[in-house]
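Below are the chains, spelled out letter by letter.
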Amino acid sequence: MKSIILKELKLMLKEKRSYFFLLIMPLLMIVMFGSIFGNTDNSTIDIHVIDQDHSLASKAFLGQMNHIKGIDLKQTSSKNTKDEIDKIKKGQLASVLVINKGFQKSLKEGKQADLKLYQDPSSASSVAPVKAVLKNIANGYREQKLSQTLAAKGVSKADISKTLAQPIQIKDVDTTAQGINYISQVVPGMTVMFVFYIMISMAKRFFDEKKSGLLARVQSTTVKPFQYLIGMWLPFVIIVIAQCVLLFAFGHWVYDLHLGDLAALGLIIICISICSSGIGLALSLIVSSENTAMVISQIIALGGAMVGGLWMPSYLMPSFVQTIGHFTPQFWAQKSLQDVIAHGAHISNVLEGLGILIAFGAAGLIVATLCFPRFLRSAAN
């Protein structure tokens with residue numbers, strides 16, 4: 001069995017196509033998605049402004065907006081509102097805030113100062129944060145006006161503070177561990193997705209053995225079928241483990257991915273390798289041709305990635321898709337990895353996911369064991 005394992009490892013290391021599917025492609029996908037979406041957590045809200053008043057009051061108003069974290073104020077040089085509205089109609093802008101002439105005068109006279117927010121109705125999600133910021137600042141002006149009115153009527157500062165105090169206070173409580181960002185979705189997601197492409201390599205090796213006649217000669221040797229099967233399977237387990245280690249190391253060193261509990265992460269990687277290679281072993285012995293194995297492998301890898309939450313967080317997908325995803329090994333692999341990487345989980349916290357991954361792998365090994373005698377007979381014929 002040892003000689004079979006060494007033989008398979010040497011052959012796999014010489015197979016250039018394996019490098020492409022198992023290492024180069026996932027690295028390219030991580031780089032592509034990481035470069036595009038890697039900074040989304042630090043993204044800012046762009047607010048385009050036309051200041052037609054050019055007063056101290058308008059500058060003070062814009063100054064308040066500019067000091068809010070996450071706001072990038074962009075004052076347009078155009079004085080023509082129509083030009084900016086045309087940009088909205090063309091889809092070049094989502095919204096434009098216009099401070100009308102007379103803004104300062106209205107405030108001094110105690111009148112309502114109007115601001116106009118031109119917006120694209122189809123970009124409601126982009127405009128909503130802008131509205132929230134403007135409403136927050138407007139409330140500040142309202143409180144200031146109330147404070148001045150109450151003070152003019154002789155109300156004490158203490159009573160004014162009590163009157164203007166918020167009846168409800170919202171406190172931010174961070175419940176996540178360090179390092180949760182889009183990279184925490186991309187690196188595990190791409191790793192799990194391409195791990196299942198090992199099935200293509202496994203099917204190719206078995207059919208190569210069958211075509212060369214080596215598999216037929218196994219029956220005339222002292223090697224037991226079960227030993228041969230394990231000897232063919234273990235190299236792929238080792239390759240998948242190496243694949244995962246390299247991809248997570250790349251994510252850690254290039255994108256500063258926080259890996260969490262390394263013992264838990266290592267155990268998940270081992271279970272993922274048993275799961276993917278176990279399913280691949282069963283597939284290799286069930287299908288009738290290498291092309292069929294490739295098609296089914298693509299369906300399992302891509303279909304599982306789509307419903308298992310590898311491309312986007314599972315909770316963002318429709319409920320029926322989430323339900324389907326729970327029946328895929330990809331979902332449990334991704335969930336376990338993110339629990340460790342993003343939420344600080346340890347081995348005791350991911351036992352359910354580990355058990356399900358092992359169950360998928362064990363089911364594959366059992367099916368492969370049952371189908372192997374038939375596969376041997378087909379090789380002999």
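Residues numbered from 1 in each chain as written. Predicted model: local features only at pLDDT ≥ 70, side-chain atom pairs only at ≥ 80, totals over all residues. Heavy atoms only, no water.

1. Quick notes on the UniProt feature "transmembrane region" (unreviewed entry) in the chain
Step number 1: As annotated by UniProt and renumbered to match this structure, "transmembrane region" (unreviewed entry) occupies residues 20-38, 186-207, 228-250, 262-286, 293-312 and 354-376.
Step number 2: The span residues 228-250 is 100% helical and 0% strand by assignment, and the distance between its end C-alpha atoms comes to 34 Å.
Step number 3: Measuring from the first to the last C-alpha atom of residues 293-312 gives 27 Å, for a span that is 75% helix and 0% strand. (UniProt positions renumbered as here; feature names shortened; annotations may be inferred. Helix = DSSP H or I, 4+ residues; strand = E, 2+ residues; numbered from the N terminus.)

2. Brief notes about the packing of helix 12 (residues 262-286) against helix 15 (residues 329-343)
Step number 1: In the contact formed by helix 12 and helix 15, the axes pass within 10 Å of each other and the chain directions differ by 170°. Relative to helix 15, the element helix 12 is oriented roughly antiparallel. Judged by residue contacts, Ala264, Leu265, Ile268, Ile272, Cys275 and Ile279 of helix 12 engage Pro329, Ala333, Ser336, Leu337 and Val340 from helix 15. (Axes fitted to C-alpha atoms, helices over the stretch in contact; angles between N-to-C directions. Parallel < 35°, antiparallel > 145°, perpendicular 65-115°, else oblique. Contact = heavy atoms within 4.5 Å.)

3. Comments concerning unusual backbone geometry
Step number 1: Notably, His54 is not glycine yet its phi reads approximately 50°, a positive angle.
Step number 2: As for its position among the elements, His54 is in the loop between strand 1 (45-51) and helix 3 (56-66).
Step number 3: For His54, a relative accessible area of 55% translates into the label exposed.
Step number 4: Located in the positive-phi region is Asp256, a residue other than glycine, with phi close to 55°.
Step number 5: Within the element layout of this structure, Asp256 appears in the loop between helix 11 (225-255) and helix 12.
Step number 6: Of the residues examined, Asp256 reaches a relative accessible area of 62% and is grouped as exposed. (Buried < 20%, exposed > 50% of the residue type's maximum accessible area, 1.4 Å probe, protein only.)

4. What to know about helix 8 (residues 183-195)
Step number 1: End to end, helix 8 covers 18 Å across 13 residues, agreeing with the expected 18 Å (1.5 Å per residue, within 8%).
Step number 2: Counting buried residues along helix 8, 13 of its 13 residues qualify, which places the element largely inside the surrounding structure. (Expected span 1.5 Å × (residues − 1).)

5. Here's the deal with the confidence of the model for the chain
Step number 1: Averaged over all residues, the pLDDT of the chain equals 80, while 81% of them reach at least 70.
Step number 2: Mean pLDDT in the chain bottoms out at helix 1 (residues 2-14), which sits at 61, and peaks at helix 12, which reaches 93.
Step number 3: Low pLDDT, under 50, characterises residues 176-180; the stretch is placed with 12 contacts to residues that sit more than four places away or in other chains. (pLDDT = per-residue confidence, 0-100.)

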